[in-house]
Amino acid sequence: EKNLTEFTEFYLVGFQSSKLFIIFLFCFTLVIYFGTICGNLLIIVLVSTSRSLHTPMYFFISQLSVTDILLTTNIVPNMLHVLLHNGGAITFAGCMTQLYFFCASETFECFLLTVMSYDRYLAICDPLRYTSIMTNTNCVKLGSASWLFGFFCAFLDTLTILMLTFCGPNTIDHFFCDIVPLIEIACSGSDTVRLEIYILSLPVLFIPITIIVISYINIIVTIIRLHSGMSRQKAFSTCSSHLIVVSIFYFTPLSVYVFPTGGQTLNISKILSLLYTVFTPFINPIIYSLRNRDIAQSLQDIITKIWNL
């Protein structure tokens, strides 16, 4: 038997398909990655420089943009290399680093989306106490706590993977170092890691989902009770973007890690992983910017200032 630490590198298979599909996927991913970086950087700059966006909601949106940049930069550059060479090696240290930052960014986003739903709950259901609860200090504390939880959970995941034993080929049938493909090439210790995934899924997935669902049930009830149609529309518009992001974000990780279907092929699993590692970070700033008048107005103000220089 060989311990995992005896491997100096892993081989990432990537997508085994026709050359035409690989070229298309490479070009598509490159464009999406460029759009992701530009879109999320734009939101960070707008929130930092526009006084009208110095509110709790936009602070959390900018934090979401930070983690989207971290997630895609961690996965995409190496993925493009793997696609270009129809597979590629990654060092042991590189694989564990990629796994760690992947788990950290995904876990952080779970907690951040929960904090954002609580923010919307307070703004709509308890507006009189909103400013006293969601102070700048408390927002920073909630953001920092989300980052700490993310890094801690990622540390537990990576530590458990380091305890796996491998006795077969070091080929990972995926385009990045993910937990499930690493478990599948292990010859012992995999049961412990599988158990840990389900145990960690309680605080990381199910508790946040429960809080989000309860928050939005209360939000919807409150919106329905509003007498003014204009107030109802305004209240719903402030929540709809976040609700769309939450729905997209949670669907794929749940289908890959918690409820994988018995007949799920490796290619379907890879495509689902592609959705939440590449496509979701790209679509998040689009959802928030296209559906948000404040961000659109701030962008227009900055463009006007630059034009008048």
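The name given to the protein chain in an unreviewed UniProt entry is Olfactory receptor, and the organism recorded there is Engystomops pustulosus. Under the heading Subcellular location (unreviewed entry), UniProt records this for the protein chain: "Cell membrane". Regarding the protein chain, the UniProt comment filed under Sequence similarities (unreviewed entry) reads as follows: "Belongs to the G-protein coupled receptor 1 family."

Colleague: Explain the packing of helix α2 (residues 56–84) against helix α3 (residues 92–125) to me, please; I cannot follow it from the model alone.
Modeller: Following both chains from N to C, one finds α2 and α3 inclined at 160°, their axes separated by 10 Å at the closest point. Looking at the two axes, α2 sits roughly antiparallel to α3. Viewed along their axes, α2 and α3 form a crossing whose handedness is left-handed. For the contact of α2 with α3, a count of residues per class yields 15 nonpolar, 7 polar and 5 charged.

Colleague: Whenever I open this one, the confidence of the model for the protein chain confuses me. Can you help?
Modeller: The predicted structure's coordinates, where accompanied by low pLDDT, should not be read in detail. Averaged over every residue, the pLDDT of the protein chain is 85; the share at 70 or more is 91%. Here strand β1 (residues 2–3) stands out as the least confident element of the protein chain, with mean pLDDT 44; α2 is the most confident, with 94. The low-confidence segment residues 1–5 (pLDDT under 50) makes 17 contacts with residues lying over four places distant or belonging to another chain.

Colleague: Before we go on, may I ask you to explain α3 in this structure?
Modeller: Since the α-helix packs 3.6 residues into each turn, any two residues three or four apart lie on the same face. Here α3 spans 49 Å end to end across 34 residues, near enough to the 50 Å set by a 1.5 Å rise per residue. With respect to burial, α3 is a largely interior element, 25 of its 34 residues being buried.

Colleague: Would you mind going over the pattern of salt bridges with me for this structure?
Modeller: Side chains carrying opposite charge are able to pair once their charged atoms draw close together. Here the structure, examined in full by the defined rule, presents 3 salt bridges. Linking D126 and R129 is a salt bridge whose minimum nitrogen-to-oxygen distance equals 3.0 Å. The exposure class of R129 is partly exposed, given its relative accessible area of 47%. Put simply, D173 and K270 hold a salt bridge, and the shortest N to O gap is 2.8 Å. In this pair, D173 is assigned in the loop between β5 (171–172) and α6 (179–184) and K270 in helix α9 (residues 266–290), connecting sequence segments 97 residues apart.

Colleague: Would you mind showing me how to read the nonpolar core here?
Modeller: Soluble globular proteins tend to pack their nonpolar side chains together in the buried interior. Core analysis: the largest hydrophobic core is formed by 43 residues, its most contacted members being F10, F15, C95, I161, I172, I179 and L182. Breaking this core down by element, the ones donating at least two residues are β2 (9–12), α1 (19–49), α2, α3, α5 (136–162), α6, α7 (190–225) and α9. Examining the composition of this core, we find that 8 residues originate from one element, α2, more than from any other. Every residue in contact with L182, bar those within four places of it in the chain, is listed here: F10, C95, M96, L99, I161, L164, F166 and I172. L64, V204, Y216 and I287 belong to the second largest nonpolar core, which has 40 residues in total.

About the criteria used
Residues numbered from 1 in each chain as written. Predicted model: local features only at pLDDT ≥ 70, side-chain atom pairs only at ≥ 80, totals over all residues. Heavy atoms only, no water. UniProt positions renumbered as here; feature names shortened; annotations may be inferred. Axes fitted to C-alpha atoms, helices over the stretch in contact; angles between N-to-C directions. Helix = DSSP H or I, 4+ residues; strand = E, 2+ residues; numbered from the N terminus. Parallel < 35°, antiparallel > 145°, perpendicular 65-115°, else oblique. Left-handed = near helix turned anticlockwise from the far one by under 90°. Nonpolar A, V, L, I, M, F, W, Y, C, P; charged D, E, K, R; others polar. pLDDT = per-residue confidence, 0-100. Contact = heavy atoms within 4.5 Å. Expected span 1.5 Å × (residues − 1). Buried < 20%, exposed > 50% of the residue type's maximum accessible area, 1.4 Å probe, protein only. Salt bridge = Lys/Arg side-chain N within 4 Å of Asp/Glu carboxyl O. Core = buried A, V, L, I, M, F, W, Y, C linked by side-chain atoms within 4.5 Å.

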